[in-house]
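Per-entry structural report
Okay, here's what each chain looks like letter by letter:
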There are 2 protein chains.
Amino acid sequence: MDYDTPLFFHVMQYAAAADRDVIDLVSGGPDWEPPAPLREGLREFADADPAEFQYPPSDGLRALREEIAARRGVDVDRVVVTNGAGEANYLAMAGALERDAGNEILLTDPVYPYYPGKARMLGADVRLVPVAEDGGLDVAAMREAASADTAAVLVNTPNNPTGAVYDADTMAAVADLAAEHDAVLISDEVYDHYDFSGRFESALSVDGDRAVVTNSFSKSMAVTGLRVGYGIFPPELADAARTRHMLVNVTGARPSQAAVLRALRETGPEYYEASRDLLCERIDAFTDALDAAGAEYVVPEGAFYVFARFEGFPGTLENVERLVDEAGVACMPGDTFGSYDEWVRFALVSPRAEEAAERLADYDGF
Amino acid sequence: MDYDTPLFFHVMQYAAAADRDVIDLVSGGPDWEPPAPLREGLREFADADPAEFQYPPSDGLRALREEIAARRGVDVDRVVVTNGAGEANYLAMAGALERDAGNEILLTDPVYPYYPGKARMLGADVRLVPVAEDGGLDVAAMREAASADTAAVLVNTPNNPTGAVYDADTMAAVADLAAEHDAVLISDEVYDHYDFSGRFESALSVDGDRAVVTNSFSKSMAVTGLRVGYGIFPPELADAARTRHMLVNVTGARPSQAAVLRALRETGPEYYEASRDLLCERIDAFTDALDAAGAEYVVPEGAFYVFARFEGFPGTLENVERLVDEAGVACMPGDTFGSYDEWVRFALVSPRAEEAAERLADYDGF
């Protein structure tokens, strides 16, 4: 495997080295407070008995798995706590490929770049299927692309980078097409707390027994660095996921799991509502500014991002660097996400998102 | 892959369900206090700015990597912080196999069971080479077993389960034989702080540019549940390790890394000496009791374990369960570790290790 310094890292370094003030809208780590009980959980852990500092069960603290299972309405045996949703997606893809029912993984284009990276590392063929004009899933195109060689169809809803949210009909259709080809539907739902459309539907609701649903507390609790995610696996894939998790990682970090467990139990809906409201306000202000700048963009129905294009200003790395230098705004070049090299992605996880929007509206280089 | 409930888990459950008091010498999680600065580091983290709760760099906090690199005398670019040594060993094996210079991984017999598990998950062939009578590495047998198909030779020193420590000549010889076959030497040195022989030699000292050295703070700081380990990779394997780490785990847990960093900086040698002295005392008392019980055992030169056999009492699961029920001592059956089904392993990480020894000395079922 080749190692390329991830492009987001390059852009962040370029922005940091710039000879001016730059607002960083590159990466997807929230800028707001984690829940107070999460901090309290870390403090409590710091004073715990030495036995608490030793290996938790490989598939996660039992109480955390039970809490997740109860909230998701699934049997606890189907829940594997992972090192973030990143590991859960890796386990899900590996499990789908080990079934020997195809070697191809279907993804959308644009795509979160870790997905094709993981798939190729596992030896899979990757097929990218362009999304619909509005950023939503093009179910007909997905159906066209699926074949006997399809091992898995992976969707991400709410979506990074487009902000699309897939409704119940869409989820049912993609579950059906996966089933028709004996493929595993993998649904990465890490942004499920950031659905502004009210139409989000988990794959668990439409294909509860067959789909792998991955998630984490990274985004919902604003703690991407704690590395607590989970997969809910169909019974026939759960043991393989558990085995691979054990062989790769032994287990996950216990202070993080203990803190998330406490936060999960003690955090009320107002915490999540406040984060969602904050993002909604930022998105409104940001898209107003994009309108003023004459940009085209996908109206986000969920998640943290605005995927946009500026006429005559393709989202190349060169132009992204120009935006840093001339507008003081850092974003991600579009070809990171597949074949969308005309586009750029703004992550609205900065308290200065609105100020960045004003800078873009005022920028005369487009 | 098949998932077997790990045998250690089965024995621990059997011991917990027993209708009597049982001393658990099954798993290898230390029972003593972590360093005080580590607890302090967790407390400090709990109060940190929200930005500290977000993704650390994928290959670990820069300051932690620098601290490790300085202590080990290597370039910081060679250090990848991992989710425990377990992940570092996985990355090392994967990197060795990706070189397309063989598909076989040489291991010792007895062997820590995760090694063959990881190797087979990665599609490698596994060859187990019996150790010498005294538990040490049989270099001649290793040399005999090595071939053009050897991708990696993995050694663990101080050793789990035998307690053997490989001296400088042994390490140089195994490094040579790896080099002769264009294989990667992987040296798992997680017990390096528990060398009672004074003869421990890191692979870094004898084969610094070619070997992969894996380690963690799990054992040295008594924090197996924090999941902070690292690999020191040769320059030509470091980027592949970084890429795989990023694709599997994105990054490791930041509270754990921050706490370990503080502990690494502020913990004096007396902490490590005290743990080593405690273990030495336990091993002396335990082996005295084994003498009284007429057992054969490998005299541990390092690590936490005593690998022993009782004449006429093979280390089957059935006999291990008898020891639980009749002697009140729980240990690991030997065939967990390869073909040593006559043997059992005692992990001396219980404040009641000495009491367990007395129970064994008094037991009349052998």
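Residues numbered from 1 in each chain as written. Chains lettered and ligands numbered in written order. Predicted model: local features only at pLDDT ≥ 70, side-chain atom pairs only at ≥ 80, totals over all residues. Heavy atoms only, no water.

Before going further, it helps to spend a moment on the interface of chain A and chain B. Between chain A and chain B, the contact holds 56 residues from the first and 56 residues from the second. Between chain A and chain B the total buried area reaches about 4,900 Å² when both faces are included, carbon and sulfur atoms providing 60% of it. The interface formed by chain A and chain B contains 2 salt bridges. The partner of arginine 43 of chain A in a salt bridge is aspartate 47 of chain B, and the shortest N-O contact between them spans 2.6 Å. The tally of links between chain A and chain B comes to 36 residue pairs in polar contact (both at pLDDT 80 or more). Taken together, the elements giving at least two residues each to the side of chain A that touches chain B come down to helix 2 (36-46), helix 4 (84-98), helix 5 (114-121), helix 9 (235-249) and helix 10 (254-266) of chain A. The leading source of residues in the side of chain A that touches chain B is helix 9 of chain A, at 9 residues. Grouping the amino acids of the side of chain A that touches chain B by side-chain chemistry returns 28 nonpolar, 12 polar and 16 charged. (Contact = heavy atoms within 4.5 Å. Buried area = accessible area lost by both parts, 1.4 Å probe. Salt bridge = Lys/Arg side-chain N within 4 Å of Asp/Glu carboxyl O. Polar contact = N/O pair within 3.5 Å; in protein donor to acceptor, adjacent residues only side chain to side chain. Helix = DSSP H or I, 4+ residues; strand = E, 2+ residues; numbered from the N terminus. Nonpolar A, V, L, I, M, F, W, Y, C, P; charged D, E, K, R; others polar.)

All right, on to the sheet that holds strand 8 (residues 229-232) of chain B then. Residue and element names in this part refer to chain B. Across the sheet, 7 strands lie side by side as 2-8-7-6-5-3-4; this open sheet has mixed pairing. Two strands lie at the open edges of the sheet, namely strand 2 (79-82) and strand 4 (125-130), each paired on one side alone. Looking at each pair of strands side by side, their axes are set apart by 20° on average, direction ignored. Sheet topology note: the strand 2/strand 8 ladder contains 4 bridges and is antiparallel. (Pairing = 2+ DSSP bridges. Axes fitted to C-alpha atoms, helices over the stretch in contact; angles between N-to-C directions.)

Our next topic: the domain arrangement of chain A. Often, the extent of an interface is quoted as the loss of accessible area on bringing the components together. Residues and elements named next belong to chain A. Looking at the assigned domains, one finds that chain A contains domain 1 (7-34 + 270-362) and domain 2 (36-266). Taken over C-alpha atoms, the centre of domain 1 sits 25 Å from the centre of domain 2. With 28 residues of domain 1 in contact, the opposing surface of domain 2 contributes 34 residues. Both faces combined, the contact of domain 1 with domain 2 buries some 2,600 Å², and carbon together with sulfur accounts for 59% of it. Its largest share of buried area at the contact with domain 2, domain 1 owes to Pro34, Tyr272 and Glu301, together 26% of the area lost on that side. Across the contact surface, domain 1 and domain 2 share 2 salt bridges. Arginine 199 is the salt-bridge partner of glutamate 301, the closest N and O atoms lying 2.4 Å from each other. (Domains from an automatic or database assignment.)

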